[in-house]
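# Coordinate inspection notes
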Amino acid sequence: MVCHNDSTPYIHAKGMKSQPTIHSFFKGKVASSSSQSKEPEETTNVDNIAASSVPATDNPCKKARIESNDIDLNPGLRSQIYDYPINQQDTVRRAYMNLGPLQPTLSMFPKSGPETHKRSFQASWFKLYPWIEYSKTLDAAFCFPCFLFNKPSGPGYYGQKAFTIDGFRNWKKVGGKKCVLLTHMGTECTSFHNVAQKGWDDLVNEAQDIRNIYEKFTTEEREKNRLRLRASIYAVRWCAFQAVGFRGRNEKPDSINRGNFLEMLGALGEFSTELKELFCRAPKYASYTSPVIQKEILNLISNRVRRMISEEIGGRKFCLLVDEARDESHKEQMSVVLRFVNKEGFIIERFFGIIHVCDTMAQTLKDGIYYLLSHYNLDVKSIRGQGYDGASNMRGQFKGLQALILEDCKYAYYVHCLAHRLQLALMAACQGVAALRKFFSQMTFVVNVVSASSKRTDQLRDAQVDQIAYLISIDELETGRGLNQIGTLQRAGDTRWSSHLRSVSSLIKMFSPTCEVLLKIADEGTGPLKVDADSAYEAMTTFEFIFVLHLEKEIMEITDLLCQALQRQNQDIFNALRLVASTKKLLQKMKDEKWDDLLCLVKSFCQVRNIDIPDMSSSYFSRGARARNKHSDHTLEHHYRVDIFYEAINCQLMELDHRFSDSTMEMFRLASTLDPKNAHETFRSLDVCQLVEKFYPGDFSDQERTILKMQLQHYVLDVVQHADFKQLTCMGELCQWLVRTRRETTFDLIFRLISLLLTLPVSTATTERSFSAMNIVKTRIRNKMEDEFLNDSLLLFIEMEVAEKISLDEIVDDFKAAKDRRVPL
């Protein structure tokens, strides 16, 4: 047995232990042979001598013996050690070690190379590099230790092939700072040559047998090794949780800042003398601080997190949420999120990883998803829902991703992200009304002018401070903790409609300070700046701008609740559709009843800020004014604003009806009878049976469908008529209540159906959050992160809740089981 001890010291060539040479091995035989002849040019020439016998080893574990004809002394022509049977390899090594490296001393070595400058092997190299061998037959040099412990593959195989199999003969590269022989040895104790040399030393010393070495490690020493590793695991996990870089620009011991990972270990050492001493005295190969070890630990933690998510899913059905985005290095990344109902009945959405895809073709995305799922033992046949955006490569009915997955799993129903639908509806409504489109263009212009520089931002803050102080002095504002905060104008974004509401609300709140800043810029500015400020002031101080400003605030406050609800992870699709219906009703109510209130609010706002109000009598502001005063000039201007009001709301309602069409949602209509919100209605058992037969025939056998009908009869009496059932607000709460009251076992088929319905996606907000997290993890400074490193870091950052449940000792055990380590753990 060969000892590969982790305490391999750095071995300089001159510090090698001397081994028995081939001269001493054959000394007795040469002296007894009276007819032994020698070539006059050589002191010894044993290039083709074969050993007549191999000394027996003293190790009782080595029973195998080899014959003399198994040993070939000619380097480059002899069989490699790994070609022998595994149980004879150490015996063969000992046989060669007893002979030692072949180092013939010739009066002249053959020369080779260019005719103008031929070179040859030098006998002095034997003293400088005791491990070197020379083959006269091949006129090449070999490394004896590397030959003894060479492997057919693995790290260093191809790099050391010249010194083990092919032979080295490029003599001009020997010597100088870039000497090939020194490069072959390497400066690290982990180099291929030094590891082989250590194996040679250990095999010579029987006391260094691997079993004896491991027996010498006491329990205390093993615990110290585990403590050092636990500290590194803690530092890796902390860096991943905080989404900070691991490495530092200068990690040398004298550096002021060695990077987050090493600085964290240093901080831990400051509070533990024992830990600090362990890292100070740790061997280089077992300090567990190298970048390779950091990434290995991170990968072990992330793999365990994925296994925990897979175990949490168990044999249940799940839904796919997928989206794509580019990272900081312009790589196309696909985020995969799994949605399922856990054993407690809660709706869970777990980020499972990102996949770097070379393109966004549907087949490429499908292959990446299938590889990720199969790698962690998740069955593709268990997919019961797909949630994507509206891109053609995702939602295409024939060649889109949802169509390709439906071919393999025909019950994986596709739901276009409801949050994306709402966004499209709101944007289309604003673009469809000319007055609204003009308003948002003007508002963006105002925000850009006021927020274009730090100086203007400071002026806006100063103006707010003055305004708040004045309003407090006249008792118009209340004082208290958290009230009257100083803010800035918010820009409206295209991907989140809530940003439009924040932008409109901030402008209403800071309307007077904004006007004051614009006037100051117009007075003090020059050139284009003066013109822009004057234009922005004129635009925002018109009655029409203020009217639309308040109109949009009222509309967006109604739709904002729906926008926020659609982004919650535990939202079920039935509750989401109810919110869509209630939003439509509120918009219709605003259309029917809120015109007069809105107009009064706008007039009051203008009066306080001394903004001109159109000179119209109060009769013109009633809903019937348009019919009574068709020919009045004032009425025409009034009619224009009435048209904006009704057109904006009507366009919003039309877009919501178009994007959330209930006529195509037969599944939801049939499933609505299970919704606790409909408890006041008659429970329709036939709809539930029809839902199972039409949409989930593969999840219920014929016998289970028969049993389901009987369960529904008991369900009506035991659940539907229960007092607690009527207090439930959504199907998600119903699922949790069934588990909490242990009725999920009694009505297991109904519980299965409810779980399948809750698995259907609502939105892909979780995947978009993962891209926001990706922008935090992979920044401009860290834009060279490898895909695996990014994937592991992102998983721990997003699923921190799951990763925190993993103990440090569990990761230590995983680290130990991953491969053979140099020190026992």
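Look up: the structure comes first, before these words.
Nothing here was measured: the structure is a model prediction, and the numbers come from that model. (Residues numbered from 1 in each chain as written. Predicted model: local features only at pLDDT ≥ 70, side-chain atom pairs only at ≥ 80, totals over all residues. Heavy atoms only, no water.)

## Comments concerning the overall build of the protein
Convention followed: Secondary structure is summarised from DSSP: a helix means a run of H or I of at least four residues, a strand means a run of E of at least two, and numbering begins at the N terminus for each. Working definition: with a 1.4 Å probe on protein chains only, accessible area under 20% of the residue-type maximum means buried, over 50% means exposed, and in between means partly exposed. The contact criterion used throughout is that any non-hydrogen atoms of two residues lie within 4.5 Å. What sets the accessible areas is the Shrake-Rupley method with a 1.4 Å probe; for residues, cover comes only from the shown protein chains.
For the protein, the count of helices and strands is 36 helices and nine strands. Here the protein holds 825 residues, and 50% of them are scored as buried. Intrachain contacts of the protein at a sequence separation of at least 6 include 71% that bridge at least 24 residues. Of the roughly 41,200 Å² of accessible surface on the protein, 51% is carried by carbon and sulfur atoms.

## Some points on the pattern of salt bridges
To keep it simple, the criterion reads: Salt bridges, as used here, are contacts in which a Lys or Arg side-chain nitrogen is within 4 Å of a carboxyl oxygen on Asp or Glu.
Enumeration according to the criterion identifies 37 salt bridges in this entry. Here Arg226 and Asp809 are joined by a salt bridge, their closest N and O atoms 4.0 Å apart. Linking Arg226 in helix H10 (residues 219-242) with Asp809 in helix H36 (residues 808-818), this pair joins segments that are 583 residues apart in sequence. The closest approach of N and O atoms between Glu801 and Arg350, which form a salt bridge, is 3.9 Å. Placement of the pair is Glu801 in helix H35 (residues 800-803) and Arg350 in strand S7 (residues 347-356), with a sequence separation of 451 residues.

## Things to note about H10
Spelled out, the test is: Each helix should span, by expectation, one fewer than its residue count multiplied by 1.5 Å.
For H10, which comprises 24 residues, the first-to-last C-alpha distance of 34 Å matches the rise-based estimate of 34 Å (1.5 Å per residue) to within 8%. Immediately beyond the C-terminal end of H10, within one or two residues, lies Ala243, with a positive phi of roughly 60 degrees.

## Details of H36
Where we set the bar: The arc in question is the one spanned by the directions pointing from the helix axis to the C-beta atoms.
For H36, every residue scored as buried is listed here: Ile811, Val812, Asp814 and Phe815. Looking straight down H36, one finds that the buried residues subtend no more than 160 degrees of arc, so they occupy a single side. Lining the buried residues of H36 we find H10 and helix H13 (291-313).

## Details of the packing of aromatic side chains
Let me state the cut-off plainly: Only Phe, Tyr and Trp rings are paired, with Trp represented by its six-membered ring, and only when their centres lie within 6.5 Å; those with planes under 30 degrees apart are stacked, over 60 edge-to-face, the remainder tilted. By definition here, charges over rings are those cases where NZ of Lys or CZ of Arg is within 6 Å of the ring centre and within 35 degrees of the ring normal.
For the structure shown, the criterion picks out 28 aromatic pairs. An angle of 80 degrees between the planes, with centres 5.0 Å apart, marks the rings of Phe121 and Trp125 as edge-to-face. Exposure remark for Phe121: the relative accessible area of 1% places this residue in the buried category. Relative accessible area serves as the criterion here: at 10%, Trp125 is assigned to the buried category. Their ring planes at 70 degrees and their centres at 5.8 Å tell us that Phe547 and Trp595 sit as a pair that is edge-to-face. Note that Phe547 is positioned in helix H23 (residues 543-565) and Trp595 in helix H25 (residues 595-608), a separation of 48 residues in sequence. The same class applies to Phe547 as to Trp595, namely buried. Taken together through their ring pairs, the aromatic side chains of Phe109, Phe121, Trp125, Phe126, Tyr129, Trp131, Tyr134, Phe163, Phe168 and Trp171 make up a single cluster. For Arg821, the ring lying beneath its charged end belongs to Phe815, and the centroid distance is 3.6 Å.

## Describing the pairing of strand S3 (residues 132-135)
To be explicit about the condition: Should DSSP find at least two bridges between two strands, the strands are taken to pair.
Side chains Ile132 and Tyr134 project from S3 onto one buried face, and the interleaved Glu133 and Ser135 project onto a second face that is buried too. From the end of S3 to the start of strand S4 (residues 140-143), which pair antiparallel, there are four residues, and Asp139 there has a positive phi angle of about 50 degrees.

## A word on the side chain of Ser382
If you trace the backbone, Ser382 turns up in the loop between helix H14 (362-375) and strand S8 (383-388). Its relative accessible area of 10% is what places Ser382 among the buried residues. Once you skip the residues sitting within four places of it in the chain, Ser382 turns out to touch Arg316, Lys317 and Phe318.

## Some thoughts on the sheet that holds strand S6 (residues 332-341)
Quick note on the threshold: Note on geometry: axes are lines fitted to C-alpha atoms, helical ones only across the stretch in contact, with angles between N-to-C directions running from 0 to 180 degrees.
Strand order in the open sheet formed by five strands is S7-S6-S5-S8-S9, with mixed pairing between adjacent strands. The sheet terminates laterally at S7 and strand S9 (414-416), the two strands that pair on one side only. Each adjacent strand pair in this sheet contributes to an overall mean axis angle of 25 degrees, direction not counted. Sheet topology note: the S8/S9 ladder contains three bridges and is parallel. By the bridge assignment for S9, Gly387 is matched with Val415. Together, strand S5 (318-326), S8 and S9 form the strand contacts of helix H16 (residues 401-408), whose direction differs from that of S8 by roughly 175 degrees. Helix H32 (residues 748-759) rests against S5, S6, S7 and S8 of the sheet, and its axis sits at about 155 degrees to S6.

## Considering the nonpolar core
Rules: As used in this record, nonpolar core signifies buried Ala, Val, Leu, Ile, Met, Phe, Trp, Tyr and Cys residues forming a set joined through side-chain atoms within 4.5 Å.
Counting 116 residues, the largest nonpolar core has Phe547, Tyr696, Tyr715, Leu734, Ile754 and Leu757 as the members making the most contacts within it. At 13 residues, the largest contribution of residues to this core is made by H23. Leu757 has contacts with Phe574, Met667, Ala671, Leu674, Leu691, Tyr696 and Met731, leaving out every residue within four places of it along the chain.

## Let's talk about the packing of helix H21 (residues 511-524) against helix H22 (residues 528-540)
Where we set the bar: For this classification, under 35 degrees means roughly parallel, over 145 means roughly antiparallel, 65 to 115 means roughly perpendicular, and everything else is oblique. Two helices crossing with the near one rotated counterclockwise from the far one by less than a right angle form a left-handed crossing, whereas a clockwise rotation gives a right-handed crossing. Note that Gly is not counted as nonpolar here; it falls among the polar residues with everything else outside the nonpolar set of Ala, Val, Leu, Ile, Met, Phe, Trp, Tyr, Cys and Pro and the charged set of Asp, Glu, Lys and Arg.
H22 packs onto H21 with a crossing angle of 150 degrees between their chain directions and a minimal axis gap of 8 Å. Classified by the angle their axes make, H21 and H22 are roughly antiparallel. Between H21 and H22 lies a crossing whose hand is left-handed. Here Phe511, Thr514, Cys515, Leu518, Leu519, Ile521, Ala522 and Asp523 of H21 come into contact with H22, specifically with Leu529, Lys530, Ala533, Asp534, Ala536, Tyr537 and Met540. Taken together, the residues of the contact of H21 with H22 sort by class into eleven nonpolar, one polar and three charged.

## Considering empty space enclosed by the protein
Gaps left between atoms are located by rolling a probe of water-molecule size over the structure's atoms. To keep things clear, this is the line we draw: With a 1 Å grid spanning the protein atoms alone, the term cavity applies to any set of points in which a 1.4 Å probe fits but cannot get out, the term pocket to an open set with protein on both sides within 12 Å along at least five of seven lines, and the term lining residue to any residue with an atom within 4 Å of a point. Grid points are joined across faces, edges and corners, and a volume is the space filled by probe spheres set on the points.
Tallied over the entire structure, the rule returns five cavities of 30 Å³ or more. Taken as a whole, the largest cavity holds about 60 Å³ of empty space. Together, Ser672, Thr673, Asp675, Asn678, Ala679, Glu681, Thr682, Phe683, Arg684, Val720 and Phe725 line the largest cavity. Grouping the amino acids of the lining of the largest cavity by side-chain chemistry returns four nonpolar, four polar and three charged.

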